[in-house]
Amino acid sequence: MEITEKAPAKLNLCLDTPFQHPNGSFEWEMVMTAIDLADYVHIETMSDDDRITVKTDSGFLPCDQRNLTYQAAKKIKSHFGIETGLKISIKKNIPVAAGMGGGSADAAAVLRALNKLWELGLSSKELAQFGLSIDSDVPFCVYSQTALVTGQGEIVTPLRELPTMWFVIAKPPASVSTPFILKQINYDNLEHLNVAQLVSGIKDQDFKLITSNMQNVLEPISAARYPEITRIKHKMLQFGTSAALMSGTGPTVYGVCQNYSRAARVYNSLRGFCEEVYLVKSITLKGSNVHTIK
């Protein structure tokens with residue numbers, strides 16, 4: 001048996017961390033959306049071998065136990081006592097170490113795919129619980145639709161689809177270490193966000209309310225170490241985006257436009273400043289068995 005699952009990238013429309021737990025994990029308050037830039041994860045079962053093998057067309061990713069798809073497959077196999085082996089092949093389109101959740105998206109795709117392939121009958125909420133122990137972005141990536149994400153990443157509250165808007169994404173050559181950036185957080189200096197205003201903007205389909213409340217408390221931390229983040233952000237605003245923001249811990253920066261023609265102009269202008277530039281829309285992954293708050 002075999003199956004191919006789409007693994008959409010994510011963008012943070014806002015990102016805040018209210019506090020850090022005593023065990024070192026972080027409390028999050030974020031609004032995230034899935035976009036139509038995606039990896040594709042192909043899984044083939046092997047009845048004569050119980051091993052998990054991973055291969056990818058990217059030279060930047062480990063293909064052993066460090067790979068999040070391997071970890072996702074192992075968790076499902078172990079939990080359900082399944083001895084069937086798996087060959088996992090990943091076609092990478094999402095930039096690596098970019099703050100767009102590529103590894104988490106791939107792991108979530110494995111969880112969804114094995115749920116279908118082995119007819120496990122798990123809900124998105126149950127799959128998200130499996131995903132949380134792999135990475136805090138995996139629960140959102142299981143749903144892959146616009147959502148409020150709270151707790152340690154495990155509480156995913158789906159929201160309405162975004163109003164018409166286009167995202168121009170630029171990934172500078174730097175690769176950011178998320179653990180390093182998180183260690184730099186000083187909670188005394190963080191200016192916490194009004195995430196509820198952004199959620200209201202999405203519920204009301206209010207483009208201006210959404211774009212005026214898009215912020216990321218980690219952006220100043222990453223930008224201090226990687227000044228190209230600020231440089232690209234300023235270029236995006238100069239070229240005409242309504243807002244510009246770093247996603248995750250960076251270094252990817254994206255700008256938002258309300259119509260395609262302006263987004264296309266920004267996209268073409270940015271290509272002279274950055275090699276990796278994308279023009280995408282928000283998506284909702286089909287087949288998601290969740291109730292959306294409108």
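Residues numbered from 1 in each chain as written. Predicted model: local features only at pLDDT ≥ 70, side-chain atom pairs only at ≥ 80, totals over all residues. Heavy atoms only, no water.

Visitor: Please provide a residue-by-residue account of the pattern of salt bridges, values included.
Guide: Pairs can form between side chains of opposite charge whenever their charged atoms are close. Scanning the model with the defined rule gives eight salt bridges in all. Among the salt bridges present, the one from glutamate 5 reaches arginine 112, with a minimum N-O distance of 2.9 Å. A residue pair is termed long-range when its members are at least 10 positions apart, and glutamate 5 in strand 1 (residues 2–16) and arginine 112 in helix 2 (residues 102–117) qualify at 107 residues. Owing to a relative accessible area of 6%, glutamate 5 belongs among the buried residues under this scheme. Between lysine 92 and aspartate 39 there is a salt bridge; the shortest N-O distance is 2.5 Å. Here lysine 92 is found in the loop between strand 4 (85–91) and helix 2, whereas its partner aspartate 39 is found in strand 2 (residues 28–46), with 53 residues between them in sequence. For lysine 92, a relative accessible area of 13% translates into the label buried. Residue aspartate 39 is classed as buried on the basis of its relative accessible area, which comes to 0%. (Salt bridge = Lys/Arg side-chain N within 4 Å of Asp/Glu carboxyl O. Helix = DSSP H or I, 4+ residues; strand = E, 2+ residues; numbered from the N terminus. Buried < 20%, exposed > 50% of the residue type's maximum accessible area, 1.4 Å probe, protein only.)

Visitor: Before we move on, can you summarise the environment of aspartate 48 with the specific residues and values?
Guide: Relative to the helices and strands, aspartate 48 resides in the loop between strand 2 and strand 3 (52–56). For aspartate 48, a relative accessible area of 71% translates into the label exposed. Spatially, the C-alpha atoms of aspartate 48 and glycine 85 are 7.5 Å apart, while their sequence positions differ by 37 residues.

Visitor: Kindly report on the side chain of serine 25, identifying the contributing residues and their values.
Guide: With respect to the helices, strands and loops of the structure, serine 25 is situated in the loop between strand 1 and strand 2. Taking the relative accessible area as the measure of exposure, serine 25 reaches 18% and is therefore buried. A polar atom in the side chain of serine 25 sits 2.7 Å from the side chain of glutamine 152. Those residues in contact with serine 25 that lie beyond four places of it in its chain are Gln20 and Gln152. (Polar contact = N/O pair within 3.5 Å; in protein donor to acceptor, adjacent residues only side chain to side chain. Contact = heavy atoms within 4.5 Å.)

Visitor: Could you give an account of the nonpolar core, with specific residues and numbers?
Guide: Membership of the largest hydrophobic core comes to 100 residues, with the highest contact counts inside it found for Val31, Ile43 and Phe167. When residues in this core are grouped by element, the largest group, nine residues, is from helix 2. (Core = buried A, V, L, I, M, F, W, Y, C linked by side-chain atoms within 4.5 Å.)

Visitor: Which residues make up the packing of helix 2 against helix 3 (residues 124–132), and what values go with them?
Guide: For the pair helix 2 and helix 3, interaxial distance at closest approach is 10 Å and the crossing angle is 135 degrees. With respect to their mutual orientation, helix 2 and helix 3 come out oblique. Considering the relative orientation of helix 2 and helix 3, their crossing is right-handed. Seen from helix 2, the contacting residues are Leu111, Arg112 and Asn115; seen from helix 3, they are Leu127, Phe130 and Gly131. Residue composition of the contact of helix 2 with helix 3, by class: three nonpolar, two polar and one charged. (Axes fitted to C-alpha atoms, helices over the stretch in contact; angles between N-to-C directions. Parallel < 35°, antiparallel > 145°, perpendicular 65-115°, else oblique. Left-handed = near helix turned anticlockwise from the far one by under 90°. Nonpolar A, V, L, I, M, F, W, Y, C, P; charged D, E, K, R; others polar.)

Visitor: Give a detailed account of the pairing of strand 10 (residues 276–283), specifying residues and quantitative values.
Guide: Two strands pair when backbone bridges link them, and strand 2 and strand 10 are joined in this way by two bridges, in the antiparallel orientation. Counted as the bridge partner of alanine 34 is isoleucine 283 from strand 10. Note: strand 7 (residues 166–171) against strand 10, six bridges, orientation antiparallel. If you follow valine 168 over to strand 10, its bridge partner there is leucine 279. (Pairing = 2+ DSSP bridges.)

Visitor: Got a sec to walk through the packing of helix 9 (residues 228–239) against helix 10 (residues 260–270)? Specific residues and values, please.
Guide: With their axes 9 Å apart at the nearest point, helix 9 and helix 10 run at an angle of 135 degrees to one another. Classified by the interaxial angle, the pair formed by helix 9 and helix 10 is oblique. Our pair here, helix 9 against helix 10, has a crossing hand that is right-handed. Taking contact as the criterion, the partners of Lys235, Met236 and Phe239 in helix 9 are, on helix 10, Val266, Ser269 and Leu270. A class-by-class count of the residues in the contact of helix 9 with helix 10 yields four nonpolar, one polar and one charged.

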